[in-house]
Structures are given as C-alpha cells and as structure tokens.
Amino acid sequence: MADRKSLSYELKNGWKEMSSETRVDAMSFCKDYIQFLNDAKTERESVSVMVAMLKEKGFADFATYIAEGKMVKPGDKIYWINRDKALIAAVVGNQDPTLGMNMVGAHIDAPRLDFKPNPLCEDGGFVMAKTHYYGGIKKYQWVAVPLALHGVILRKDGTKLEVRIGENPGDPVFYISDLLPHLAGDQMGGSASKVVSGEQLKVVLGSIPDVKGEEDEEKVSLKENLLTLLHEQYGLTESDFLRGEIEVVPAFQAGDVGLDRGLVGGYGQDDRVCSYTGLRALLDLEAVPEKTAVCYLSDKEEIGSVGNTGARANWLENFVLELCHAWDPAYEMVALRRSLSNTCFLSADVTAAFDPCYPEVFEKGNSAFAGSGVAIAKYTGSRGKSGASDASAELVASITNLFDGENIPWQVAELGKVDAGGGGTIAQFMTDIGMDVLDCGVPVISMHSPYEVTSKADVYWTYRAYRAFMKG
Ligand code: MN
Ligand code: MN
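Note that the structure is predicted; figures quoted are calculated from it, not measured.

Asker: Would you mind showing me how to read the overall build of the protein here?
Answerer: Within the protein one finds 12 helices and 22 strands. Relative to its length of 472 residues, the protein is compact, with a C-alpha radius of gyration of 24 Å against a globular reference of 23 Å. Projected onto its principal axes, the C-alpha positions of the protein cover 75 × 60 × 45 Å. Residues classed as buried in the protein amount to 53% of the 472 residues present.

Asker: Even after reading the chapter, I still don't get the coordination of the manganese ion (ligand 1), so can you show me in this structure?
Answerer: Metal coordination angles in their ideal form are 109.5 degrees for the four-donor tetrahedron and 90 or 180 degrees for the six-donor octahedron. The protein atoms that coordinate the manganese ion (ligand 1) are His 107 (NE2), Asp 270 (OD), Asp 349 (OD) and Asp 349 (OD), at distances of 2.1 to 2.5 Å. Here the donor residues of the manganese ion (ligand 1) share one chain and are spaced in sequence as H-x162-D-x78-D. In this structure the manganese ion (ligand 2) is found 3.3 Å away from the manganese ion (ligand 1), and Asp 270 serves as a bridging donor for the pair. Taken as a pair, His 107 in strand β4 (residues 102-107) and Asp 349 in the loop between β14 (344-347) and β15 (351-352) lie far apart in primary sequence, 242 residues in all. Owing to a relative accessible area of 8%, Asp 349 belongs among the buried residues under this scheme.

Asker: Would you explain unusual backbone geometry in this entry?
Answerer: Trans peptide bonds make up most of the peptide bonds, and negative phi angles are found at most residues other than glycine. For the peptide bond that leads from Asp 270 to Asp 271, omega is 10°, which places it in the cis range. Take Asp 271: it is sitting in helix α7 (residues 269-283). A positive phi is found at Asp 84, a non-glycine position, where the angle reads about 65°. Its location among the elements puts Asp 84 in the loop between β2 (77-82) and β3 (86-91). What makes Asp 84 partly exposed here is its relative accessible area of 36%. A positive phi angle is found at Lys 300, which is not glycine, with a value near 65°. Within the fold, Lys 300 resides in the loop between β13 (293-298) and α8 (315-327).

Asker: Which parts of the structure should I look at to understand the packing of helix α1 (residues 20-39) against helix α12 (residues 456-471)?
Answerer: The axes of two packed helices give the description: the angle between them and the distance between them. At a minimum axis distance of 9 Å, the contact between α1 and α12 shows a crossing angle of 95°. If you check the angle between α1 and α12, you find them roughly perpendicular. Seen from α1, the contacting residues are Thr 22, Asp 25, Ala 26, Met 27, Phe 29, Cys 30 and Tyr 33; seen from α12, they are Lys 456, Val 459, Tyr 460, Trp 461, Tyr 463 and Arg 464. When its residues are assigned to classes, the contact of α1 with α12 shows nine nonpolar, one polar and three charged.

Asker: Can you walk me through α8 in this structure?
Answerer: Helical periodicity: at 3.6 residues per turn, an α-helix aligns residues three or four positions apart in one direction. For α8, which comprises 13 residues, the first-to-last C-alpha distance of 18 Å matches the rise-based estimate of 18 Å (1.5 Å per residue) to within 8%. Looking only at α8, the buried set comprises Trp 315, Leu 316, Glu 317, Phe 319, Val 320, Leu 323, Cys 324 and Ala 326.

Asker: Sorry if this is basic, but what is going on with the packing of aromatic side chains here?
Answerer: When we look at a pair of aromatic rings, we describe it by the centre distance and by the angle of the planes. Summed over the entire model, instances satisfying the criterion amount to 20 aromatic pairs. Pairing Tyr 9 with Trp 410 gives two aromatic rings, centres 5.4 Å apart and planes at 5°, and the pair type is stacked. In this pair, Tyr 9 is assigned in the segment before α1 and Trp 410 in strand β18 (residues 410-412), connecting sequence segments 401 residues apart. One exposure class covers both Tyr 9 and Trp 410, and it is buried.

Asker: Explain a nonpolar patch on the surface to me, please; I cannot follow it from the model alone.
Answerer: Nonpolar side chains collect at one region of the surface, where Leu 179, Leu 180 and Leu 183 lie side by side and expose about 290 Å² of accessible area between them. Mapped onto the secondary structure, Leu 180 falls in the loop between β8 (160-165) and α4 (185-189). Looking at Leu 180, the relative accessible area reads 39%, which means it is partly exposed.

Asker: Can you help me understand the domain arrangement of the protein in this one?
Answerer: Where the parts come together, the accessible area they lose is often given as the size of the interface. The assigned domain composition of the protein is domain 1 (12-110 + 267-471) and domain 2 (112-250). A straight line from the C-alpha centre of domain 1 to that of domain 2 covers 34 Å. Among the residues domain 1 hides against domain 2, the three largest losses belong to Lys 41, Arg 44 and Pro 450. Together they make up 32% of the total. Between domain 1 and domain 2 we count six salt bridges in total. For the salt bridge of Arg 164 with Glu 45, the shortest nitrogen-to-oxygen distance reads 2.7 Å.

Asker: Sorry, what's going on with the side chain of His 150 here?
Answerer: As for its position among the elements, His 150 is in strand β7 (residues 147-154). On the basis of relative accessible area, His 150 is assigned to the buried category, the value being 0%. Here the side chain of His 150 touches Glu 167 through a polar contact of 2.7 Å, side chain to side chain. With sequence-adjacent residues up to four places away left out, His 150 is seen in contact with Lys 41, Thr 42, Glu 45, Val 163, Arg 164, Glu 167, Glu 245, Ile 246, Glu 247 and Val 249.

What counts and how
- Residues numbered from 1 in each chain as written.
- Chains lettered and ligands numbered in written order.
- Predicted model: local features only at pLDDT ≥ 70, side-chain atom pairs only at ≥ 80, totals over all residues.
- Heavy atoms only, no water.
- Helix = DSSP H or I, 4+ residues; strand = E, 2+ residues; numbered from the N terminus.
- Rg over C-alpha atoms; globule rule 2.2 N^0.38 Å.
- Buried < 20%, exposed > 50% of the residue type's maximum accessible area, 1.4 Å probe, protein only.
- Donors = N, O, S within 2.8 Å, 3.2 Å for Na, K, Ca; no water.
- Axes fitted to C-alpha atoms, helices over the stretch in contact; angles between N-to-C directions.
- Parallel < 35°, antiparallel > 145°, perpendicular 65-115°, else oblique.
- Contact = heavy atoms within 4.5 Å.
- Nonpolar A, V, L, I, M, F, W, Y, C, P; charged D, E, K, R; others polar.
- Expected span 1.5 Å × (residues − 1).
- Phe/Tyr/Trp six-rings, centres within 6.5 Å; stacked < 30°, edge-to-face > 60°.
- Patch = residues over 30% accessible without salt bridge, like charges linked within 9 Å, V, L, I, M, F, W, Y side chains within 5 Å.
- Areas by Shrake-Rupley, 256 points an atom, 1.4 Å probe, with all protein chains shown as cover.
- Salt bridge = Lys/Arg side-chain N within 4 Å of Asp/Glu carboxyl O.
- Domains from an automatic or database assignment.
- Buried area = accessible area lost by both parts, 1.4 Å probe.
- Polar contact = N/O pair within 3.5 Å; in protein donor to acceptor, adjacent residues only side chain to side chain.

So this is what it looks like as structure tokens:
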C-alpha cells in the first residue's frame, strides 16, 4: 500500500468495502468472468459470445432497424456488429440522443502471435508455422508454454473454417521451442528484447513423417504430410492460409489465483476485463436510463486503434448518426455533432497495478493497487503526456462524485513513474470527436503477458462503477 499520509484521498480496500452479501455477489460475478475469458480468447470470439449474451437479454440487431427504417424508442435494446470484430450495444434512454449519451468503451483484441500469410516451413524434423507478433509483447514469454490456435480460414470454394484447437480436453496444443540453459550462454548474455527474435517465434504443428502410418508410403516431406492431414481433416490447401486469420494464444485456462481465491489469472484480461464488466453493466441495467447507455467494444487497440474495426474508424460516429436518425428521421449530421459533444465516455481500459517485485518503476503516491477499487487515470500517455487525452478537472470531479455517491471504492492511477515508460488508450480518439473522456478501469499485474492477474475486488467494483455511470 502507498504511504497513506502522502495521499490526498482516502485509498480504500475493495474487499473491506464489501458486505458479506456483496462479497458473494463479487465472487459469483468473477466466476462468470473467468468463464468468459475461457470462452472468448480473440476479438471474434468475444463478439460471438457477447452477442449471445445480448440476445439472451432481448437485445435486437440494429442492422435490422437500419435496413427496415425502423425507429428507436426509449427502452429499446440494440446491438451492432462491425465485421465480426467489434461491437456496440445500447439501451436507448428517455432523452433525445442529441443531448448526449453515457458510453463505456473498451477493446476486445489482445497481444498475440498471428500466422504469417505463408506460414508453413519445415526444418529439423518439425513442420512449423511462422508468426508475426501483434501488440506489445515480451517475446521470450511466448516460448515453452502450451499454445492454442484460434481464428478463421476462408477456403477457395468460399466456405469458412472456424479454428479453435488446443482448448478442449484431449485437444493437442502447440509450442514454440526455447533453448536449453546448457547451450544458452550467448542467449542469456543478450538483452531481453533480443533473447528471442520475432523470426524465432515458429509454432510446431507436426513431426510425424508418415501421418497415415503406411509403411510403403512414398517418401514425401513432412510439410506435404501435414498438408495431407489438413486437407483430409479440414479441407484445406496450403494457399488457404493466405485467406485466413489464425491467432496463436496461450492454451491454459483462466482461473482463481491464491489460496483465498482473491485474484483472477488468465490471458487477455487487457482488455477483456473492462469489456466484460462494461457489457455486464449494460446488460444488468434495471430501469430505462435517462441518457442512452452504450457499451462500445473496439478491435486493434493494441496496434494503435487502426483499421475499420479500430477506434480511429468512423464506425462509432456512424452508429451515433444512425441512432439519431432512427430517433428522428429529420436528424442529420448536425445531430451527430451535437450528440457526440454532449456525450460522456469512460475509456474502459486497464492500467498497471503496483507490483511489489518491481517497485522501482512505480511512484506509490500515484499508482493503482490491486484490490483498491476501480482505477481512474486523469491522463495516460508517455514522456510529456504524449498520446493522452488528459481529462478535465470538471470531469474527474463529476465522475468521482458519482462513485462516492454509490460507495464505490476508486483510486487514482498513473502508469508507472514519469520517466519509466507509459502507454495510451482509445481515450484520445474519443476526445478527437468531441466527447468528454476519462480513463477508468481495472489495475492489472503482468499486463501483456500470457497470464495476466487482476483482483476480483477491482473487477467487481469496476463493473459496479460502469453500471452506476450508465444508470446516469
Ligand atoms: Mn488495453
Ligand atoms: Mn494493452
């Protein structure tokens, strides 16, 4: 914990702020969250699992509204999918949307390894897939751990193969080798960024030369044998990989960490922890809110929010414009601009939790601590706040007052010491289109590693914070 005397606000303990009933609720919430982490390891899987959750709660596809020219009315529950990789869900409020909305926005992509377009290679008795890493990873963390393959491949005949191998009991897993310590003298002497190179991240897919076990089989290469297997089992040819997106992710399951089960460990919590809590907050709204409540889930945050599924795309603006138009067909572009500039947006992304094993990179008086509640970052960015949106004092005041009123423990967060590094979120792209934006999310230990850790208290209080915000 920080030296409390140095803090200008009361740093609470998220567990101590819970009644015994609330604690039961929090534990049950996190059980569902862990299930979600195991069901949704990629952006595409997140969209499909979340759409199922939305449909179950009576949300309808907004694309149908648009196609049929159907109007929205207060209480309507809608979702809109962008290319199977990004998602918006909303509960239409009582107020005219041009008066602004309450939005929570997170991202559903996570650091990983992607197959290269031409991935297959053979060497030393192995057939392997070459990868290109996605997002900020420490490459050495991805070797010598069990890996799973997720994604899609469009076959030449137009059919789509959904890939998910390494998750079910009995499934094979995949693997990237690391050097034995006995021969790693040179490797261990290098800098950590060079210990494992990008080109060395090759995933072992196979090793048996005659996959059919037929002794008189003609001598063919290992790669050809694997291609035979891929063709027989999945109807794939080698060039089909060009039309695919195969993501390599850790194969291990998310679960409880610690004897007291107070922590969640699992892959991809940045930022599926804020995505899940944001969506659940919307799903669990009890009454029709005054302002339209929106959960926005973007893709490509980890590579700069680029592309038509990322937060820099105008898809969110298109949604707001379509929504205004569906509220009142007379509404055009001016309605969009008014709505955006009246909208308050919580940039729901994780921050670094103080790590007692590496205290030197944190400034305790302005760090978030695992277990101390939802973390609020007035600004993110690096160096001189580069890449930050820097929320206004007025906005910080209004959001912290809201949380105080609901007895939600919150804490301030800066991502490490001023000169230690830093990072950005989608906040800046939402301020570009005129919204009031504050970064607000869950502190994470070992962020961007294959196994990230969060406190269940923070997961739960973040959910409650987003729900209070959406309720208005
Ligand atoms: Mn993030
Ligand atoms: Mn990240």
